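If you want the building blocks of each chain, they are given just below.
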Amino acid sequence: MKKFLDLGMQPLANKYLTKRDLLGKKKEQFYHLEVGFDKKTKLVSILNRVSSKKMFDNNYPYKSSMSKTMNSSFKKLSEKIIKIFKPRLFLEIGSNDGSLLRNFNKKRAIGVEPCKNLAIITSKKGYKTYSEYWDLKLAKKIKSKYKKVDLIYSANTLSHIYNLDKVFRSITHVLSDEGILIIEEPSLLECLKSIAYDQFYNEHIYVFSLLAIKNLIKKYNLKVFNIEQLSTHGGSIRYFIKRISNTKIKINNSVKRQLNKELTFKMDKFNTYINFKKKVELSKKKLVNLFNEIKKNNKKIIGYGSTAKSVTVLNYCKITREIVDFFVDTTPDKTKKYMPGTHIFIDKYNKNLLHKADYVFLGAWNFKEEIFKKEKNFIKKGGRFITHVPVPRII
Ligand code: DWN
């Protein structure tokens with residue numbers, strides 16, 4: 001891995017602090033967030049790893065069901081999977097709080113979710129959920145109980161697992177010969193295009209391109225046969241994968257198209273990443289200037305959506321409590337707590353809180369449409385949003 005980006009010292013993204021934590025003696029943990037590119041595999045990865053156990057414990061706060069956008073994306077996907085692939089058994093790796101699984105028949109869908117607090121929610125909905133890390137031991141356990149799985153799906157999870165060899169070996173152990181693997185992840189191309197450097201934080205060990213996925217899976221005799229572009233999470237790609245031995249499925253043109261796009265953008269060249277780094281540094285300068293200008297005029301700024309992504313932005317740009325008064329968020333396990341590193345307070349979302357501010361920094365910029373729809377009154381009354389993607393500006 002050759003380093004191209006340094007995002008400074010960062011706290012663990014999803015470790016929101018209580019008042020007690022702030023007053024206590026235990027020091028908040030920071031790590032150096034650096035990002036690198038591997039010329040051979042084309043993989044982009046953070047360079048300093050935090051152990052999975054530290055990141056994904058039994059109090060993991062993020063719930064994918066917190067946004068209408070994700071719920072509707074999962075609903076549409078489940079309908080498509082049932083119609084096209086008709087799986088006898090569907091397995092989701094990283095099932096979070098069951099926001100996708102709940103669209104499937106309880107007898108035909110199982111989940112894997114290491115964070116117990118989330119696995120419990122899904123189990124209570126009636127879906128068998130293994131609260132374990134995805135590995136060969138678990139794949140063997142599942143195989144001995146269900147024989148074979150014909151559809152494995154994983155969204156925003158593989159990028160969180162360091163040992164991808166373990167991941168794919170375990171998948172191929174349990175996937176039927178004609179089985180399908182679907183992976184959904186933020187697109188590196190979109191990340192580079194929109195200078196979304198906040199896709200990098202301790203949990204996002206990788207941000208994938210098709211170039212890298214292709215290289216990764218060929219060792220396991222797997223092949224991408226279709227690509228779908230999604231608008232979720234700032235631009236994601238859904239990779240449809242089959243075994244090479246399954247010749248019944250033809251390769252869709254979308255694969256070649258995506259590959260061409262990535263090569264045209266020179267994503268196989270280190271220099272592209274150096275250019276990205278320069279743009280990130282400029283983005284930081286512009287955002288800091290924008291915040292300073294607003295504060296000079298004694299205006300009030302709050303944050304909307306205390307995302308893992310915004311932890312990277314706030315800490316990299318050194319945006320303090322003097323600049324952003326507080327955040328609002330709908331996630332119960334985040335509210336009445338403090339943002340990692342900057343210790344900005346997170347209040348429980350309520351429409352009226354927005355009216356206390358002149359400007360609202362979009363931490364959850366990836367849900368801009370959903371949020372703008374919800375906050376049309378605030379906008380009508382002259383309230384303004386600030387975003388850093390693709391360039392820092394007021395909207
Ligand atoms: O990969 C990951 C992605 C999928 O989710 C994880 N490592 C962690 C997490 O990252 P994130 O925190 O950057 O994700 P989101 O989905 O951008 O977070 C949105 C946040 O905004 C949530 O805390 C919920 C909140 N929200 C809100 O308060 N009101 C969201 C919407 C749409 C709203 O209307």
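Our structure's up above, just so we're on the same page.
Residues numbered from 1 in each chain as written. Predicted model: local features only at pLDDT ≥ 70, side-chain atom pairs only at ≥ 80, totals over all residues. Heavy atoms only, no water.

1. Re the overall build of the protein chain
The criterion, for reference: Runs of E in the DSSP output that reach at least two residues are strands. Runs of H or I that reach at least four are helices, and both are numbered from the N terminus. It is over C-alpha atoms that the radius of gyration is taken, and the globule rule equals 2.2 Å times the number of residues to the power 0.38. For the exposure calls, accessible area comes from a 1.4 Å probe over protein chains only, and a residue counts as buried if that area is under 20% of its type's maximum, exposed if over 50%, partly exposed in between. Contacts: residue pairs with any heavy atoms within 4.5 Å of one another. Note on areas: these come from Shrake-Rupley sampling with a 1.4 Å probe, and a residue is covered only by the protein chains present in the view. None of His or the chain ends enter the tally, which takes Lys and Arg as positive and Asp and Glu as negative. Charge positions come from single atoms, namely NZ of Lys, CZ of Arg, CG of Asp or CD of Glu.
Tallying secondary structure elements over the protein chain gives 14 helices and 18 strands in all. Relative to its length of 395 residues, the protein chain is compact, with a C-alpha radius of gyration of 21 Å against a globular reference of 21 Å. Along the first, second and third principal axes, the C-alpha atoms of the protein chain reach 65 × 50 × 45 Å. Across the 395 residues in the protein chain, those meeting the buried criterion constitute 55%. The long-range fraction of contacts in the protein chain, counting pairs at least 24 apart against all pairs at least 6 apart in sequence, stands at 67%. Total accessible area computed for the protein chain in this model is approximately 18200 Å², and 52% of it derives from carbon and sulfur atoms. Taken as two groups, the 81 positive and 35 negative side-chain charges of the protein chain have centres that lie 3 Å from each other.

2. Side note on the pairing of strand E17 (residues 384-387)
Threshold: We treat two strands as partners when DSSP finds at least two bridges between them.
The pairing of strand E16 (residues 359-362) with E17 spans three bridges and is classified as parallel. The partner of Phe 361 across the bridge, within E17, is Ile 386. Sheet topology places E17 next to strand E18 (residues 393-394); two bridges connect them, and they run antiparallel. Across the sheet, the residue bridging to Thr 387 is Arg 393, located in E18. Between the end of E17 and the start of E18, which pair antiparallel, lie five residues.

3. Considering the site of the ligand
Defined as follows: By convention in this text, a residue qualifies as near a molecule or strand provided that one of its non-hydrogen atoms is within 4 Å of it. In the analysis that follows, any N or O atom pair within 3.5 Å is treated as a polar contact, provided that within protein one partner can donate a hydrogen and the other can accept it, and provided that, for residues neighboring in sequence, both atoms belong to side chains. The nonpolar class holds Ala, Val, Leu, Ile, Met, Phe, Trp, Tyr, Cys and Pro. Asp, Glu, Lys and Arg form the charged class, and all remaining residues, Gly among them, are polar.
Taken together, 25 residues are adjacent to the ligand, and His 160, Glu 203, Lys 309, Lys 334 and Lys 374 come closest. A distance of 2.8 Å separates an oxygen atom of the ligand from a polar atom in the backbone of Ala 308. Between Asp 329 and the ligand, the recorded distance is 2.7 Å, taken from a side-chain N or O atom to an oxygen atom. Within the complex, the protein chains bury 97% of what would otherwise be the 710 Å² of accessible surface of the ligand. Those elements giving two or more residues to the shell around the ligand turn out to be helix H11 (308-316) and helix H13 (368-374). Along the lines of polarity and charge, the residues of the shell around the ligand split into eight nonpolar, 11 polar and six charged.

4. Description of the nonpolar core
Counted only if it meets this: In this description, a nonpolar core means a group of buried Ala, Val, Leu, Ile, Met, Phe, Trp, Tyr and Cys residues linked to one another through side-chain atoms lying within 4.5 Å.
In this structure, Trp 134, Ile 142, Phe 168, Phe 200 and Phe 276 are the most contacted members of the largest nonpolar core, which totals 94 residues. With eight residues, helix H10 (residues 270-296) is the largest single contributor of residues to this core. Non-local contacts of Phe 168, meaning those with residues more than four positions away in its chain, are made with Leu 158, Leu 181, Ile 183, Ile 217, Tyr 220 and Leu 222. Counting residues in hydrophobic clusters, the runner-up holds 35 residues, among them Phe 74, Leu 100, Phe 240 and Leu 353.

5. Quick word on the side chain of Ser 194
For Ser 194, the location among the structural elements is in the loop between helix H7 (188-193) and strand E9 (206-207). Ser 194 gets classed as buried once you look at its relative accessible area, which sits at 14%. Within the local environment of Ser 194, its side chain forms a polar contact with the backbone oxygen of Glu 190, the two atoms lying 2.5 Å apart. Apart from the residues within four sequence positions on either side, Ser 194 is in contact with Val 389 and Pro 390.

6. Digging into the state of the cysteines
Quick note on the threshold: Any two cysteine sulfur atoms within 2.5 Å of one another count as a disulfide.
Inspection of the entire model under this criterion finds zero disulfides. Between Cys 191, a free cysteine, and Cys 317, which holds the nearest cysteine sulfur, the sulfur-to-sulfur gap is 15 Å. You can call Cys 317 buried: its relative accessible area is 4%.

7. Looking at the environment of Phe 345
Structurally, Phe 345 is set in strand E15 (residues 345-348). Along the sequence, Phe 345 and Asp 325 sit 20 residues apart, while their C-alpha atoms lie 7.5 Å from each other. Not counting the four nearest positions on each side in its chain, Phe 345 is found in contact with Phe 326, Phe 327, Lys 336, Lys 337 and Tyr 338.

8. What about empty space enclosed by the protein?
Over the atoms rolls a probe the size of a water molecule, and its path tells where empty space is left. Heads up, the rule is: Grid points spaced at 1 Å and placed over the protein atoms alone form the basis of the search, with a cavity being a set where a 1.4 Å probe fits but cannot get out and a pocket an open set showing protein on both sides within 12 Å along at least five of seven lines. Lining residues have an atom within 4 Å of a point. Grid points are joined across faces, edges and corners, and a volume is the space filled by probe spheres set on the points.
The tally for this structure, following the rule as stated, stands at one cavity of 30 Å³ or more. Roughly 30 Å³ of internal volume is contained in the largest cavity. In terms of lining residues, the largest cavity is bounded by Leu 12, Ala 13, Asn 14, Lys 15, Lys 54, Met 55, Asn 202 and Glu 203. Of the residues that constitute the lining of the largest cavity, the class distribution is three nonpolar, two polar and three charged.

9. Considering the sheet that holds strand E13 (residues 324-329)
Applicable threshold: What counts as an axis is a line fitted to C-alpha atoms, over the stretch in contact for a helix, and the angles between N-to-C directions run from 0 to 180 degrees.
What the seven strands build is an open sheet, ordered E14-E15-E13-E12-E16-E17-E18; its pairing is mixed. Taken across any chain shown, the strands that pair with only one partner, and hence form the sheet edges, are strand E14 (337-338) and E18. Taken together, the four bridges between strand E12 (residues 301-304) and E16 define a ladder with parallel strand orientation. Residue pairing in the sheet places Tyr 304 in a bridge with Leu 362 of E16. Its contacts with the sheet place H10 against E12, E13, E16, E17 and E18, and it is angled at close to 150° to E17.

10. Remarks on the packing of aromatic side chains
Inclusion rule: Aromatic contacts are taken between Phe, Tyr and Trp rings whose centres are within 6.5 Å, Trp giving its six-membered ring; a plane angle under 30 degrees counts as stacked, one over 60 as edge-to-face, and the others as tilted. Cation placement over rings: the criterion is NZ of Lys or CZ of Arg within 6 Å of the ring centroid and within 35° of the ring normal.
One pass over the structure, following the stated rule, counts 18 aromatic pairs. Ring geometry for Tyr 206 against Phe 208: centres 5.7 Å apart, planes inclined by 20°, an arrangement best described as stacked. Owing to a relative accessible area of 6%, Tyr 206 belongs among the buried residues under this scheme. Looking at Phe 208, the relative accessible area reads 2%, which means it is buried. When the centroid spacing of 5.8 Å and the interplanar angle of 55° are considered together, the rings of Tyr 304 and Tyr 349 count as tilted. Within this pair, whereas Tyr 304 is found in strand E12, its partner Tyr 349 is found in the loop between E15 and helix H12 (351-354), the two being separated by 45 residues in sequence. Take Tyr 349: its relative accessible area is 17%, and that puts it in the buried class. Counting every residue linked through ring pairs, the aromatic cluster contains Phe 4, Phe 37, Phe 270, Tyr 273 and Phe 276. Lying across the ring of Tyr 130, Lys 128 places its NZ or CZ 4.7 Å from the centre. The ring of Tyr 349 has Lys 374 lying over it, and the distance from NZ or CZ to the ring centre is 4.9 Å.

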